[in-house]
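# Reading the structure
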Amino acid sequence: MPAALRFTGEDKDLTLDELAAFVEAARRADVPGDNPLRAELSSSGKIKEITVAVDVDRS
């Protein structure tokens, strides 16, 4: 299993449908709901890429 899930917009910016697919994939991978997200934004503030760690060491 990958250490992180990473989604990018098919064109340049992530769409709502692509964000929903990211959340669905994270839920299927049992990513804890309190794991922090990392987003890369375009110069106009739109999401270009979003990443979440599959497992976070909480110790």
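Read on for an overview of the structure. On a predicted model such as this, the values are computed, not experimentally measured, just so you know.

Time to look at the side chain of E18. In this structure, E18 sits in helix α1 (residues 16-28). E18 has contacts with F7, T8, G9, E10 and D13, leaving out every residue within four places of it along the chain.

Our focus in this paragraph is the sheet that holds strand β2 (residues 37-41). Read across the sheet, three strands follow the order β1-β3-β2 without closing on themselves; strand pairing throughout is antiparallel. The open sheet has two edge strands, β1 (4-8) and β2, and neither has a second partner. Taken pair by pair, the neighbouring strands of this sheet meet at an average axis angle of 15°, ignoring direction. For β2 and strand β3 (residues 47-53), the ladder comprises five bridges, and the chain directions are antiparallel. Its bridge partner being in β3, L41 is matched across the sheet by I47. Seen against the sheet, α1 touches β1, β2 and β3 and runs at an angle of roughly 170° to β1.

Quick notes on the rules
Here, residues in each chain are numbered from 1, in the same order as that chain's written sequence. Only residues with pLDDT of 70 or above have their local features reported here, since the model is predicted, and side-chain atom pairs are shown and tallied only from 80 upward, although totals for entire chains, interfaces and linings are computed over all residues. Only hydrogens and water are set aside; all other atoms, that is, all heavy atoms of the structure, feed into the side-chain values. Strands here are runs of E lasting at least two residues and helices are runs of H or I lasting at least four, both read from the DSSP assignment and numbered beginning at the N terminus. Whether two residues are in contact is decided by their heavy atoms: any pair within 4.5 Å suffices. When DSSP finds two or more bridges between two strands, those strands count as paired. Inter-axis angles, ranging from 0 to 180 degrees, are taken between N-to-C directions of lines fitted to C-alpha atoms, where helices are fitted over the stretch in contact.

That's the geometry; what it means functionally is another story.
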